[in-house]
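Overview (structure and organization)
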Amino acid sequence: MSSRYDVCVLGSFMKDLVASAERRPLPGETLHGTGFAEFLGGKGVNQAIAAARMGARTAIVGTIGDDRYGEEFLELLKRDGVDTDWVVRHPELGTGVGLPLVLPDGSNSIIIVSRANAAITVADIDAAAAVLTSSAVLSVQLELPVEASRAALQLASAAGVTTILTPAPVGPVDPSLAAFVDILVPNEMEAAALTGLDCDDSQVPEIARRLADAWDLRGCVITLGARGAFVLADGVEMLVPAHPVATVDTVGAGDAFCGSLAASLAAGAGLVDAVRLANAAGALSTTINGAAASAPSRAAAVALLDSAGSERSRFAVGPPSP
Ligand code: RIB
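Residues numbered from 1 in each chain as written. Predicted model: local features only at pLDDT ≥ 70, side-chain atom pairs only at ≥ 80, totals over all residues. Heavy atoms only, no water.

**Quick word on helix α6 (residues 188-195)**
Regarding α6, the residues found buried are Glu190, Ala191 and Thr195. All buried residues of α6 project into a common sector of 115° when viewed along the axis, lining one side. Where α6 is buried, its residues contact α7 (204-215) and β11 (219-223). Capping the start of α6, Asn187 holds a side-chain oxygen 3.0 Å from the backbone nitrogen of Met189, two or three residues further along. (Buried < 20%, exposed > 50% of the residue type's maximum accessible area, 1.4 Å probe, protein only. Helix = DSSP H or I, 4+ residues; strand = E, 2+ residues; numbered from the N terminus. Arc of directions from axis to C-beta. Contact = heavy atoms within 4.5 Å. Polar contact = N/O pair within 3.5 Å; in protein donor to acceptor, adjacent residues only side chain to side chain.)

Next up, the structure:
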């Protein structure tokens, strides 16, 4: 069956109200910030924009409020060519809000307030079945109620759609999701939380193997920030090194990675090649402030990859990548 969409993202919409500061405040402390900016974010929106900018025909499923922030999201997604036909507007709850704090080295910590995101129901998922089952790839994160995420993954999986789960934000993950996930993409904190192991270099391959076994995965990709991304698939285990770039803001970098990964897989790339391009997309997104807005074009990511030459594993323990 030919897919109507390359990538469908089920996920969150968060208006990011970003503070910059020299450091994190201590408990009970009020701290002067060094900057403030408003961006459109949420892991779902960030992934959808990233996939669309990589050339994928993309749709998003989620819930926003009937408010100004909701309008901003619809305008942004339309500008980037993301189909919003399956976005539900909640009559009472406001659009979700994110409160990222960005430090001078570009690192971040984020508080999210779900608001309308929390109102998505299994009935909304059933109403979006056409897009969930006719896309080549479905990408899901964990900022929505787990019942909705599970229902979407189950529908897509039964239809033969490749399913990707980013188990973010970090926290307990409902084990019933595992049956419907093909590719798991945790970051280092999430991988550690899922396995109870420290995500240092020597343990990363073992963590990926444990997750692949426990979740019966087709592939596991652990994003490691400045250390790169570790990929396990089809007997290949390798670290794809990070690109050295001038980082200003890491908010949304993992989402740019996942959106790019989904787009490449939908286009028929193997997982290792998809990770290489995603790695470049994630790196480039850290050079620009903001979440969704910082996702690069495919041309920019390809150019960075080309300029870096052939990427080889620092601790490859499997056969060469396909
Ligand atoms: O992954 C980054 C995103 O997490 C931010 O845009 C914020 O809104 C939270 O959802």
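**A few points about the site of the ligand**
Taken together, 13 residues lie near the ligand, and Asp16, Gly42, Lys43, Glu143 and Asp255 sit nearest. Within the side chain of Asn46, an N or O atom sits 3.1 Å from an oxygen atom of the ligand. Between Asp255 and the ligand, the recorded distance is 2.7 Å, taken from a side-chain N or O atom to an oxygen atom. Coverage of the ligand by the protein amounts to 95% of the 280 Å² it exposes when considered alone. Comparing atom positions with the cavity grids shows the ligand to sit within the largest pocket. Elements represented by at least two residues in the shell around the ligand include exactly β2 (14-20), α1 (43-53) and β7 (108-113). By residue class, the composition of the shell around the ligand is five nonpolar, four polar and four charged. (Near = heavy atom within 4 Å. Areas by Shrake-Rupley, 256 points an atom, 1.4 Å probe, with all protein chains shown as cover. 1 Å grid on protein atoms, 1.4 Å probe; cavity = no way out; pocket = protein on both sides within 12 Å on 5 of 7 lines; lining within 4 Å. Sits in = over half its atoms within 2 Å of the grid points. Nonpolar A, V, L, I, M, F, W, Y, C, P; charged D, E, K, R; others polar.)

**So, the sheet that holds strand β6 (residues 96-102)**
Read across the open sheet, the four strands follow the order β3-β2-β6-β7; overall the sheet is mixed. With one partner strand each, in any of the chains shown, β3 (35-41) and β7 form the two edges of the open sheet. Strand-to-strand, the axes of this sheet are offset by a mean angle of 20°, without reference to chain direction. As paired elements, β2 and β6 share five bridges and run parallel to each other. Across the sheet, the residue bridging to Lys15 is Val97, located in β6. (Pairing = 2+ DSSP bridges. Axes fitted to C-alpha atoms, helices over the stretch in contact; angles between N-to-C directions.)

**With respect to the packing of helix α8 (residues 253-266) against helix α9 (residues 271-285)**
Two elements in contact, α8 and α9, have axes separated by 7 Å at closest approach and are oriented at 145°. You can see that α8 and α9 cross each other, and the crossing is right-handed. Contacts between α8 and α9 pair Ala253, Ala256, Phe257, Ser260, Leu261, Ser264 and Leu265 from the former with Leu271, Ala274, Val275, Leu277, Ala278, Asn279, Ala281, Gly282 and Ser285 from the latter. Considered class by class, the residues forming the contact of α8 with α9 number eleven nonpolar, five polar and no charged. (Left-handed = near helix turned anticlockwise from the far one by under 90°.)

**A few points about the confidence of the model for the protein**
Across the protein, the average pLDDT comes to 94, with 95% of residues at 70 or higher. Between residues 311-322, whose pLDDT stays under 50, and residues either more than four places distant or in other chains, the model counts 37 contacts. (pLDDT = per-residue confidence, 0-100.)

**Remarks on the packing of α1 against α8**
Where α1 meets α8, the axes come as close as 7 Å, and the angle between the chain directions of the two elements is 50°. Here α1 lies oblique to α8, going by the angle between them. Here the hand of the crossing between α1 and α8 comes out right-handed. Residues Lys43, Asn46, Gln47, Ala50 and Ala51 of α1 form the contact with α8, whose participating residues are Asp255, Ala256, Cys258, Gly259, Ser260 and Ala263. Among the residues forming the contact of α1 with α8, the class breakdown is five nonpolar, four polar and two charged. (Parallel < 35°, antiparallel > 145°, perpendicular 65-115°, else oblique.)

**Thoughts on the pairing of β6**
Of all seven residues that make up β6, six are buried, and the element is covered over most of its length. Pairing of β6 with β7, which is carried by six bridges, proceeds in the antiparallel orientation. Following the sheet pairing, Val97 is matched in β7 by Val113. Where β6 folds back onto β7 in an antiparallel hairpin, the turn is made up of five residues, including Gly106, whose phi is positive at roughly 90°.

**Structural notes on the pattern of salt bridges**
Per the stated rule, a full pass over the model turns up 17 salt bridges. A salt bridge links Lys15 to Glu38, with the nearest nitrogen and oxygen atoms 3.2 Å apart. Separated by 23 residues along the polypeptide, Lys15 in strand β2 and Glu38 in strand β3 bring together distant segments of the chain. With relative accessibility at 4%, the residue Lys15 sits in the buried group. One network of salt bridges, in which partners are shared, links Lys15, Glu38, Arg68 and Glu72. (Salt bridge = Lys/Arg side-chain N within 4 Å of Asp/Glu carboxyl O.)

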